[in-house]
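Listed below, chain by chain, are the residues.
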Amino acid sequence: EQGLENGQFLETSAFFLLGKVLVNCLMGMSRSSTCVLAYLMLRQNMTAVEALTEVRRHREVRPNDGFLRQLADLDNKLRRERGQLKLLSSGGACH
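Computed from a predicted model, the values in this text were never measured in an experiment.

The rules behind the values
- Residues numbered from 1 in each chain as written.
- Predicted model: local features only at pLDDT ≥ 70, side-chain atom pairs only at ≥ 80, totals over all residues.
- Heavy atoms only, no water.
- Helix = DSSP H or I, 4+ residues; strand = E, 2+ residues; numbered from the N terminus.
- Expected span 1.5 Å × (residues − 1).
- Buried < 20%, exposed > 50% of the residue type's maximum accessible area, 1.4 Å probe, protein only.
- Arc of directions from axis to C-beta.
- Contact = heavy atoms within 4.5 Å.
- Polar contact = N/O pair within 3.5 Å; in protein donor to acceptor, adjacent residues only side chain to side chain.
- Salt bridge = Lys/Arg side-chain N within 4 Å of Asp/Glu carboxyl O.

**A few points about helix H6 (residues 65-81)**
Spanning 17 residues, H6 covers 24 Å between terminal C-alpha atoms, matching the ideal 24 Å at 1.5 Å per step. Considered for burial, the residues of H6 that qualify are Phe-67, Leu-71, Leu-74, Asp-75 and Leu-78. One side of H6 holds all its buried residues, which, seen down the axis, span an arc of 105°. Of the exposed residues in H6, those oriented more than 90 degrees away from the buried face are Asp-65, Arg-69 and Asp-73. Of the surrounding secondary structure, the elements contacted by the buried residues of H6 are helix H4 (31-43) and helix H5 (48-56). Where H6 begins, one side-chain oxygen reaches toward the backbone nitrogen of Gly-66, 3.0 Å away; that side chain belongs to Asn-64. Of the residues one or two after H6, Gly-83 is the one with positive phi, at around 75°.

As structure tokens, this is what we get:
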């Protein structure tokens, strides 16, 4: 499970080592694209918007609303950890 959370499952793929990875689900629009977007965010230090923009340069993808919410949550978590997002203080001002 830990490997799934940090993207190692893609990096250990033989195809990844050759520079190409196929990630697929039934329609290829939502679930598989969400996995790729999360990987780019976790391992390539992209924001959700950067990852989505990059993937859409190559493929038409449409993560469903639930997956988009999860990606937004991940984006906020990573930005906080990387010091790119400031938490609001009790007074309402940013630090």
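Once you've had a look at it, read on.
**So, the pattern of salt bridges**
Summed over the entire model, instances satisfying the criterion amount to four salt bridges. For Glu-54, the salt bridge goes to Arg-57, with nearest N and O atoms at 2.8 Å. One salt bridge in this structure joins Lys-77 and Glu-81, with 3.0 Å as the shortest N-O distance. A residue pair is termed a helical-turn pair when its members lie 3 or 4 positions apart in one helix, as Lys-77 and Glu-81 do in helix H6 at four residues.

**Quick notes on the environment of Ser-32**
When you line up the elements, Ser-32 lands in helix H4. Ser-32 gets classed as buried once you look at its relative accessible area, which sits at 4%. Between the C-alpha atoms of Ser-32 and Pro-63, which are 31 residues apart in sequence, the distance is 8.6 Å. In contact with Ser-32, not counting residues within four places along its chain, are Val-23, Asn-24 and Cys-25.

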